[in-house]
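Residues per chain are reported as follows:
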Amino acid sequence: MSINIGMRFSSFFAFGPREVMVYDPVYPKIASSITDTLSFRSNQVIRSYAGPEFRMSLNFRLTDRSSFKINYNRTRQYLHLLSNTISISPADTWKLSDYYLKPQTGDQVAFGFYRMLFNRSIEASAEVYYKAIKNMVDFKGGTRLVMNENIEKDLINAKGKAYGLEMMLKKTEGRLRWSLGYTYSRTFMKSIGNFSDEIVNSGEWFPANFDKPNDLIVTFNYLFSRRLSFSTNYTWNTGRPITYSVATYNMGGLLLIHYSERNKYRIPGYSRLDISFKVSGNLRSRKIAHPYWTFSVYNLLGRQNVYSIYFRNENNRINGYKLSVFGQAIPTLTFSFDF
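Since the structure is predicted, the reported quantities are computational estimates derived from the model, not experimental observations.

Reading the values: rules and limits
- Residues numbered from 1 in each chain as written.
- Predicted model: local features only at pLDDT ≥ 70, side-chain atom pairs only at ≥ 80, totals over all residues.
- Heavy atoms only, no water.
- Pairing = 2+ DSSP bridges.
- Helix = DSSP H or I, 4+ residues; strand = E, 2+ residues; numbered from the N terminus.
- 1 Å grid on protein atoms, 1.4 Å probe; cavity = no way out; pocket = protein on both sides within 12 Å on 5 of 7 lines; lining within 4 Å.
- Points joined across faces, edges and corners; volume = space filled by probe spheres on them.
- Nonpolar A, V, L, I, M, F, W, Y, C, P; charged D, E, K, R; others polar.
- Buried < 20%, exposed > 50% of the residue type's maximum accessible area, 1.4 Å probe, protein only.
- Phe/Tyr/Trp six-rings, centres within 6.5 Å; stacked < 30°, edge-to-face > 60°.
- Salt bridge = Lys/Arg side-chain N within 4 Å of Asp/Glu carboxyl O.

Colleague: Explain the pairing of strand 20 (residues 290-298) here, please?
Modeller: As a general feature of sheets, a regular strand has side chains that alternate between the two faces. Here strand 19 (residues 270-280) pairs with strand 20 via six bridges, running antiparallel. If you follow valine 279 over to strand 20, its bridge partner there is tryptophan 293. Relative to strand 23 (residues 330-338), strand 20 is paired through nine bridges, and the arrangement is antiparallel. What sits directly across from threonine 294, in strand 23, is threonine 334.

Following this line, the structure appears as structure tokens:
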């Protein structure tokens, strides 16, 4: 049995210049509830956050071919990702922790089993994990995320949880080398605001924007010789969650759109096949540089994977459209060298 224990201490300081709105805590953060404005000079500390991050791992060697591991780690993240999934091009906004936005903290526990098979020619592993997340952020319905200077009015506090299973088979020796990896993972959020406009999906758990339950990756590599090799990889995963418009209302000639619960639906699954050939130059050891050419085809089958689904108001009728990016096979030729 071997044990590794570690700890690091991280901190974050938000500096001015900046003006921060102060809101009446009895009411939601809206323009009419502003009671004061705090002005911070250049390089003046607006808010500081700090805390320890622990990690621990226990490795039990059962035999010379198998082992069992237990891991725990706590992480702190001072950079937040805000995503809007209903626009034509899903918009991601990065936001640093500030006067109102606290850093996210995550506590993860994982259990893994590892074994060498078939005379040590194949590596096999399986791992399960669970992660609890505090101080996650989401946004209110109808929020404008881009160029929003007082974005704290449109953010809501949330907590999260993530869990999953990862499995891997891998052969790393011989002319034919391959790997097969499958992951089942879920990530959920739950709003914990104090006011009605800060509650999403009636306060129930809902899938996070990056929740993709199934992920499969298969790779093959064949070495024809020391100078010529072929590789291919196939990727498939579940489509990300999305919020759909499910109904419309006409009030006084104004078309109003009713959206589903947050992230209730999903875009179609993602599937892609890539191939590549690598041709190396002279492999003499005394050469300063070792050049090689790589010819590859990205998305060989030309699959039009859906990047997003968006909606348009056309003659008082809401129509949905699928948007694909790189929906064609893309060949590339690369010259590289190692030294």
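Let's pick the thread back up.
Colleague: So what exactly am I meant to see when it comes to the layout of surface pockets here?
Modeller: A water-sized probe, rolled over the atoms, reveals where empty space remains. Of the pockets and cavities examined, the largest pocket occupies roughly 610 Å³. Residue lining of the largest pocket: 25 residues in total, with Lys29, Tyr100, Leu155, Ile156 and Asn157 positioned closest to the centre. Elements with a minimum of two residues in the lining of the largest pocket: strand 4 (45-61), strand 9 (122-139) and strand 10 (155-171). The residue makeup of the lining of the largest pocket, split by class, is 14 nonpolar, four polar and seven charged. Taken as a whole, the second largest pocket encloses approximately 500 Å³ of empty space. Forming the walls of the second largest pocket are 25 residues, and the residues nearest its centre are Lys212, Arg240, Ile267, Val306 and Tyr307. Elements that contribute at least two residues to the lining of the second largest pocket include exactly strand 6 (79-84), strand 19 and strand 21 (306-313). Here the residues of the lining of the second largest pocket are counted per class, giving eleven nonpolar, nine polar and five charged.

Colleague: Please explain unusual backbone geometry as it appears in this structure.
Modeller: If a residue is not glycine, its phi is most likely negative; likewise, a peptide bond is most likely trans. In this model, glycine 16 is joined to proline 17 through a cis peptide bond whose omega is 10°. Looking at where proline 17 falls in the secondary structure, it is placed in the loop between strand 1 (2-15) and strand 2 (18-23). The backbone of arginine 120 sits at a positive phi, close to 65°, despite the residue not being glycine. Residue classification places arginine 120 among the partly exposed residues on the basis of a relative accessible area of 39%. Not every positive phi belongs to a glycine, and asparagine 201 is a case in point at roughly 55°. Tracing the backbone through its elements, the reader meets asparagine 201 in the loop between strand 11 (176-191) and strand 12 (206-207). Since its relative accessible area comes to 16%, asparagine 201 is described here as buried.

Colleague: Could you clarify how one ought to interpret the packing of aromatic side chains in this entry?
Modeller: Any two aromatic rings considered together are summarised by their centre-to-centre distance and by the angle between their planes. What the rule picks out here adds up to 13 aromatic pairs. Their ring planes at 15° and their centres at 4.8 Å tell us that tyrosine 244 and tyrosine 265 sit as a pair that is stacked. A residue pair is termed long-range when its members are at least 10 positions apart, and tyrosine 244 in the loop between strand 15 (241-242) and strand 16 (245-251) and tyrosine 265 in strand 18 (residues 265-266) qualify at 21 residues. A relative accessible area of 32% places tyrosine 265 in the partly exposed class.

Colleague: Would you take a moment to explain the side chain of serine 33 for this structure?
Modeller: Checked against the element boundaries, serine 33 lands in the loop between strand 2 and strand 3 (34-40). Take serine 33: its relative accessible area is 4%, and that puts it in the buried class.

Colleague: I tried to follow the pattern of salt bridges on my own but got confused; where do I start?
Modeller: Where charged atoms from two side chains of opposite charge approach closely, those side chains can pair. Inspection of every chain in the model, using the stated rule, returns ten salt bridges. In this structure, arginine 262 engages aspartate 138 in a salt bridge whose closest nitrogen and oxygen atoms are separated by 3.1 Å. Of the two residues, arginine 262 is situated in the loop between strand 17 (254-259) and strand 18 and aspartate 138 in strand 9; the sequence distance between them amounts to 124 residues. Both residues of the pair, arginine 262 and aspartate 138, count as buried. Several salt bridges converge on common partners, so that one network encompasses Arg186, Asp211 and Arg266.

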